[in-house]
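Secondary and tertiary structure notes
Listed here are the chains, written in short residue letters.
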Amino acid sequence: MINESSRTSNVNGRSNTYKVFALSPQGANLRFSKDPIVLPVPDCIREADEKEKATREETIAKLKQSGLNVPQDEMAKGGGPAIQAMKKWVDYVQFQHDSNRHERVSQLE
């Protein structure tokens, strides 16, 4: 699809070599075609999507375990303002618990 070649030019007694790229006939046909060009999804993108999905599912499971009612629409989307607020609250209560502030945890619950 792309042809690569090297060219050399001489200017003021100095020689400089550089690469030249040109479309092959097949590449030119694709360029002016109305058909979509479908490229494979890179593995790093797939891995990032899977990691993000796992994090969302972990957050929702943590909220449910805490006894909070997660809104169905945000659960379907995998996030939203209510889930963010609930996660901050659960993390804050957990921080208080981990800091041995059990009286404060009792007040918050």
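Up top is the structure.
Residues numbered from 1 in each chain as written. Predicted model: local features only at pLDDT ≥ 70, side-chain atom pairs only at ≥ 80, totals over all residues. Heavy atoms only, no water.

**With respect to the packing of helix α2 (residues 43-65) against helix α4 (residues 81-98)**
- One way to put it is that α2 packs onto α4 with a least axis distance of 10 Å and a crossing angle of 65°. Of the two possible hands of crossing, α2 and α4 adopt the one that is left-handed. Across the interface between the two elements, T59, I60, K62 and L63 from α2 touch I83, M86, K87, V90 and D91 from α4.
- Here the contact of α2 with α4 is built from residues that sort into 5 nonpolar, 1 polar and 3 charged. (Axes fitted to C-alpha atoms, helices over the stretch in contact; angles between N-to-C directions. Helix = DSSP H or I, 4+ residues; strand = E, 2+ residues; numbered from the N terminus. Left-handed = near helix turned anticlockwise from the far one by under 90°. Contact = heavy atoms within 4.5 Å. Nonpolar A, V, L, I, M, F, W, Y, C, P; charged D, E, K, R; others polar.)

**Description of α4**
- Counted at 1.5 Å a residue, the expected span for α4 with its 18 residues is 26 Å, and the 26 Å between its end C-alpha atoms agrees.
- Within the span of α4, buried status applies to I83, M86, V90, V93 and Q96. For α4, the buried positions fall inside an angular range of 155° around the axis, keeping them on one side. Looking at α4, the residues exposed on the side facing more than 90 degrees away from the buried face are P81, Q84, K88 and D98.
- For α4, the secondary structure elements touched by its buried residues are α2, α3 (72-77) and α5 (102-108).
- The positive-phi residue at the C-terminal boundary of α4 is N100, with phi of around 60°. (Expected span 1.5 Å × (residues − 1). Buried < 20%, exposed > 50% of the residue type's maximum accessible area, 1.4 Å probe, protein only. Arc of directions from axis to C-beta.)

**A few points about α2**
- In a regular helix each residue adds 1.5 Å, so 23 residues correspond to 33 Å; α2 covers 33 Å between its end C-alpha atoms and thus fits that length.
- Among all positions of α2, only T59, I60 and L63 are buried.
- Those residues of α2 that are buried lie in contact with α3 and α4.
- One or two positions beyond α2, positive phi appears at G67, with a value near 90°.

**What about the packing of aromatic side chains?**
- A complete count under the given rule lists 1 aromatic pair for this structure.
- Ring geometry for W89 against Y92: centres 6.3 Å apart, planes inclined by 40°, an arrangement best described as tilted. Highlighted residues: W89 and Y92, both in helix α4, separated by 3 residues, approximately one helical turn.
- We classify W89 as partly exposed; its relative accessible area is 40%.
- Taking relative accessible area as the criterion, Y92 reaches 33% and is therefore assigned partly exposed. (Phe/Tyr/Trp six-rings, centres within 6.5 Å; stacked < 30°, edge-to-face > 60°.)

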